[in-house]
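Descriptive structure summary
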Amino acid sequence: MNTKPNILFILSDQHNAKYLGAAGHPHVLTPNLDRMAARGVRFDAAVAQNTICTPSRVCQLSGQYCHNHGYYALLGPRPAGLPTVLGHFRKSGYHTAFVGKSHGPEYWIEDDCDEFHDTTDCAIGGRSKEFLTYLKGRGVDITADFKPDADNAPSVIEYEDSEEGWGSRKTIDIIKRAAAGDKPFFMAFWPPKPHGPYTPAKRFWDLYDRSKLTLPPNANYDLAAAGKSPLMQSVTNWVRDKSADYDGDRWNKLQGYLGNVSQIDQCVGDVLAFLDESGLAENTIVVYCADHGDYGCEHGPNEKVPGICTDAVTRVPMIWQWPGHLKAAHLAKDVVETVDIVPTLCSLAGVAPLQTADGRDISAMLAGEAGDPERLGVTEYPLSKSVRKGQWRLVYYPHGYFADTKMQVLHPENNAPDARALEGLSTDRTFAFGELYDLKNDPWEMKNLYFDPAYQHIVQQLQRELMDWLMYTTRPVTMQSPTDIAGDQVTRRYTLPINADGKLPYPQFRLGLGGPHL
């Protein structure tokens, strides 16, 4: 008889953490996510490891940092031996299923699922045949929202026929069938909104009265005077230059984004309501998260294009629900990371830890205990890192990053250096540009303190801690005299124990050196 808890892992795409009623947003309507937060734990400082879909999803499915798995762009080949949490739970006796936007490396997610339905054409085999058959029978063109002039307007597709509507029903169907058997289920429901196109079903677009909306406080300010990165300035210049009605575009984007978030809230509510009605809620761990954030009309760009420059795209909503097991209505304020989802699910479900995962078990925080106030939350690109610690967020670029104008600050339209963004910057290859924000006193990140002499001790401290973090968290392939460990996730090669990804198990070198768990 099944005694293990079920898992429902809901991952939306591009949800700005501020756009939750529970987070105090002045306009967004998210009654279902708010209720989930009231029944469980909401994390206010959850950091995504990357702000691009595929690398972030690899992090969340593997629990491994980008600098270890190596994915920094969209799609890519199947990771060599790197396990997914779906496959790990499947080996532990779970029925595993996926519905929604996968957007992962080829055949990586698919092969670890008993049932797999990609609705967005992001999988190697294209959209789910079952979904396509449904659309054909309904006479629905699912690509209508992606056609010219369709963006930032109500969708011509009804919610019931959308990826969120069909996806929630398919998720419920799979859960019903799984619950009727003698296996626990691990259900991954990953709907594609609120990512663009910003075309919610009309019922969600109409929730918002344009005359009553307000733009974020950092929608209109001087980026150059604030010390924002040349890349951010360049992209914002491009957005403004190419738009015939920049201000109107922003208001349309705001209404469309709000509607998209409410559409996500509805599909989450559909599935949670079924869990309640069926009596499955008490034995089902539910996690809601996003792969990364969205500008949501902050700072100027209408899309998530300038990388890891802001809190708007590096921080994500994260909510956990498991009635009777987690502290209800708890707001956890200390830093956590999306790589923590895998080890925490293993811990809560009584499944063996996944040794290839880098994240931490945050079960104690789900019980209401404080987290680690000294912890770093790191978002990675190959040539830039964002570090969040307490009230501070640092963006580190290597020396000379912005001096190489041909590579780093090209105007997106004409592929030439953007003179406005580069004005006043040194072309010296040793020139160091960076960003530092005091999130307590400047939550909208409108003043870069990186060059302020009064904050150099903070800059130097965070840069040193980032270096330490990289050294302690990087997984080597071989190492001299590691401490020996064993288990069914370890094999031996050249007398050394290694994991399925061909690297040393995470504690291996750390324990051998006596280093801390960062």
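This text gives an overview of the structure that appears in the document. The structure presented is a predicted model; accordingly, all values stated were derived computationally and were not measured. (Residues numbered from 1 in each chain as written. Predicted model: local features only at pLDDT ≥ 70, side-chain atom pairs only at ≥ 80, totals over all residues. Heavy atoms only, no water.)

1. Focus: the sheet that holds strand β13 (residues 434–438)
The strand order across the open sheet built from 4 strands is β10-β11-β12-β13, with neighbouring strands paired in antiparallel fashion. Across the chains shown, the open sheet's two edge strands, defined by having one partner strand only, are β10 (377–381) and β13. Taken over all neighbouring pairs, the strand axes of this sheet differ in orientation by 10° on average, direction set aside. Helix-sheet contacts for helix α16 (residues 456–473) involve β10, β11 (384–389), β12 (392–396) and β13, and the interaxial angle to β12 is about 70°. (Pairing = 2+ DSSP bridges. Helix = DSSP H or I, 4+ residues; strand = E, 2+ residues; numbered from the N terminus. Axes fitted to C-alpha atoms, helices over the stretch in contact; angles between N-to-C directions. Contact = heavy atoms within 4.5 Å.)

2. Re the environment of L61
Mapped onto the fold, L61 is located in helix α2 (residues 53–62). According to the relative accessible area criterion, L61 is buried, its value standing at 1%. A sequence separation of 22 residues divides L61 from P83, and the C-alpha atoms of the two residues are 8.3 Å apart. If we skip the residues at most four places from it in the chain, L61 touches P83, T84, V85, L86, W108, I109, W190 and V342. (Buried < 20%, exposed > 50% of the residue type's maximum accessible area, 1.4 Å probe, protein only.)

3. With respect to the nonpolar core
One finds F43, F89, F186, W320 and L345 to be the most contacted residues of the largest nonpolar core, which totals 45 residues. It is helix α12 (residues 341–349) that contributes the most residues to this core, 6 residues altogether. Setting aside its immediate chain neighbours within four residues, F89 contacts I7, Y94, F186, L345, C346, A349 and V351. Core analysis: the next-biggest nonpolar cluster, separate from the first, contains 35 residues, F131, I264, V268 and V286 among them. (Core = buried A, V, L, I, M, F, W, Y, C linked by side-chain atoms within 4.5 Å.)

4. Details of α2
Taken across its 10 residues, α2 has 10 buried, putting it largely inside the fold. When α2 is considered as a whole, its buried residues turn out to be C53, T54, P55, S56, R57, V58, C59, Q60, L61 and S62. Tucked into the core, α2 has its buried residues touching β1 (6–12), α3 (66–69), α4 (85–91), β5 (185–190), β6 (284–290) and α12. Count one or two residues on from α2 and you reach G63, which has phi positive near 75°.

5. Comments concerning the packing of aromatic side chains
Aromatic ring pairs are reported here in terms of the distance separating the ring centres and the angle at which the planes meet. Counting across every chain of the model gives 15 aromatic pairs. With 4.9 Å between their ring centres and 75° between their planes, F89 and Y94 make a pair best called edge-to-face. Taken as a pair, F89 and Y94 share a single burial class, namely buried. Measuring from ring centre to ring centre gives 5.9 Å for Y397 and F433, while their planes differ by 50°; the resulting arrangement is tilted. Highlighted residues: Y397 in the loop between β12 and α14 (405–408) and F433 in the loop between α15 (419–422) and β13, separated in sequence by 36 residues. (Phe/Tyr/Trp six-rings, centres within 6.5 Å; stacked < 30°, edge-to-face > 60°.)

6. Quick word on the side chain of E337
Positionally, E337 belongs in strand β9 (residues 336–337). Residue classification places E337 among the buried positions, given a relative accessible area of 0%. Of the polar contacts made by the side chain of E337, one reaches the side chain of Q49; its length is 3.1 Å. At a separation of 2.9 Å, a polar atom in the side chain of E337 contacts the main-chain amide nitrogen of V378. Setting aside residues no more than four positions away along its own chain, E337 makes contact with V47, Q49, Y65, M318, R375, L376, G377 and V378. (Polar contact = N/O pair within 3.5 Å; in protein donor to acceptor, adjacent residues only side chain to side chain.)

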